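Structural description and commentary
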Amino acid sequence: MPVARPVDGQVGNPTGPDEWFKSLPLVTRYWFGATMIVTLSANFGVIEPKQIMYYWPYIKDKFEVWRLLTPFCYVGPFEFNTLISAYMLVQFSKQYETGGPFNTGAGGGTADYAFCLIFGMVTILITYAISPLPLSPIFCRNLIYYVLYVWSKRHP
């Protein structure tokens, strides 16, 4: 295999999947990595999809606290929509986190993006709890569309 050479004097061009993954911004890398682990584990039968769904009685009574985070990391069964959702997660998450001229004073793109995700997660959980409608207890796509909406407001 030939050695990767700099293109136009740029050294930071990722040449493989591992280098591409390491080149992602911090929060994007961890969210995408967790999403791939949880989604692949559920689809290959390592864990039951019922074990990662948000279910308040199990969180409260059985102290299954992972149920607060795993619904935001399971995209769904293997289908085309799952692939598109994973692509949107990486693209818009990376673009929001690497930022631009918008600094709200929280330390830059990564800190702003982490706060944005935490705010979105809490809002989704509260909305799910008070909604009279029967909603899905899997929230990854909701959070991806939330990031897409906030990103589109920052980059009209």
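Residues numbered from 1 in each chain as written. Predicted model: local features only at pLDDT ≥ 70, side-chain atom pairs only at ≥ 80, totals over all residues. Heavy atoms only, no water.

Topic: the overall build of the chain
- Counting its regular elements, the chain contains six helices and zero strands.
- Along the chain, helices and strands appear, N-terminal first, in the series α-α-α-α-α-α.
- Considering the chain as a whole, with its 156 residues, one finds that 35% of them fall into the buried category.
- For the chain, long-range pairs separated by at least 24 residues make up 65% of all intrachain contacts whose partners lie at least 6 apart in sequence.
- When the accessible surface of the chain is summed, it comes to about 10000 Å², and 67% of that surface belongs to carbon and sulfur atoms. (Helix = DSSP H or I, 4+ residues; strand = E, 2+ residues; numbered from the N terminus. Buried < 20%, exposed > 50% of the residue type's maximum accessible area, 1.4 Å probe, protein only. Contact = heavy atoms within 4.5 Å. Areas by Shrake-Rupley, 256 points an atom, 1.4 Å probe, with all protein chains shown as cover.)

A few points about the packing of aromatic side chains
- For the structure shown, the criterion picks out eleven aromatic pairs.
- On the numbers, 6.4 Å between centres and 45° between planes, the contact of Phe21 with Phe32 is tilted. Of the two residues, Phe21 sits in helix 1 (residues 17-23) while Phe32 sits in helix 2 (residues 26-43), which places them eleven residues apart along the sequence.
- In this structure Phe21 comes out as partly exposed when scored by relative accessible area, which is 31%.
- Residue Phe32 is classed as buried on the basis of its relative accessible area of 12%.
- One aromatic cluster is present, formed by Tyr54, Phe72, Tyr128 and Phe139 through successive ring pairs. (Phe/Tyr/Trp six-rings, centres within 6.5 Å; stacked < 30°, edge-to-face > 60°.)

Some remarks on the packing of helix 4 (residues 80-98) against helix 5 (residues 109-130)
- Two numbers describe how helix 4 lies on helix 5: the axes approach to 7 Å, and their chain directions differ by 125°. Taken together, the axis directions place helix 4 and helix 5 in an arrangement best described as oblique. In this structure, helix 4 uses Ser93, Tyr96 and Glu97 to contact helix 5, whose residues at the interface are Gly109, Thr110, Asp112, Tyr113 and Cys116. (Axes fitted to C-alpha atoms, helices over the stretch in contact; angles between N-to-C directions. Parallel < 35°, antiparallel > 145°, perpendicular 65-115°, else oblique.)

Brief notes about the pattern of salt bridges
- Under the counting rule described, the total for this entry stands at two salt bridges.
- With a closest N to O distance of 4.0 Å, Glu79 and Arg141 form a salt bridge. Highlighted residues: Glu79 in the loop between helix 3 (56-61) and helix 4 and Arg141 in helix 6 (residues 140-154), separated in sequence by 62 residues. (Salt bridge = Lys/Arg side-chain N within 4 Å of Asp/Glu carboxyl O.)

Quick look at the side chain of Arg67
- Within the element layout of this structure, Arg67 appears in the loop between helix 3 and helix 4.
- Of the residues examined, Arg67 reaches a relative accessible area of 3% and is grouped as buried.
- Within the local environment of Arg67, its side chain forms a polar contact with the backbone oxygen of Lys50, the two atoms lying 3.1 Å apart.
- Residues in contact with Arg67, not counting those within four places in the same chain, are Lys50, Gln51, Met53, Tyr54, Tyr55, Tyr58 and Ile59. (Polar contact = N/O pair within 3.5 Å; in protein donor to acceptor, adjacent residues only side chain to side chain.)

Let's talk about the nonpolar core
- Within the largest apolar cluster, 33 residues are counted, with the highest numbers of intra-cluster contacts made by Trp31, Phe72, Leu89, Tyr113, Leu117 and Leu143.
- Contributions of two or more residues to this core are made by helix 2, helix 4, helix 5 and helix 6.
- The residues touching Tyr113, leaving out its near neighbours within four places in the chain, are Val27, Thr28, Trp31, Ser93, Tyr96, Glu97 and Val147. (Core = buried A, V, L, I, M, F, W, Y, C linked by side-chain atoms within 4.5 Å.)

Honestly, that's just the spatial picture; any functional story needs more than this.
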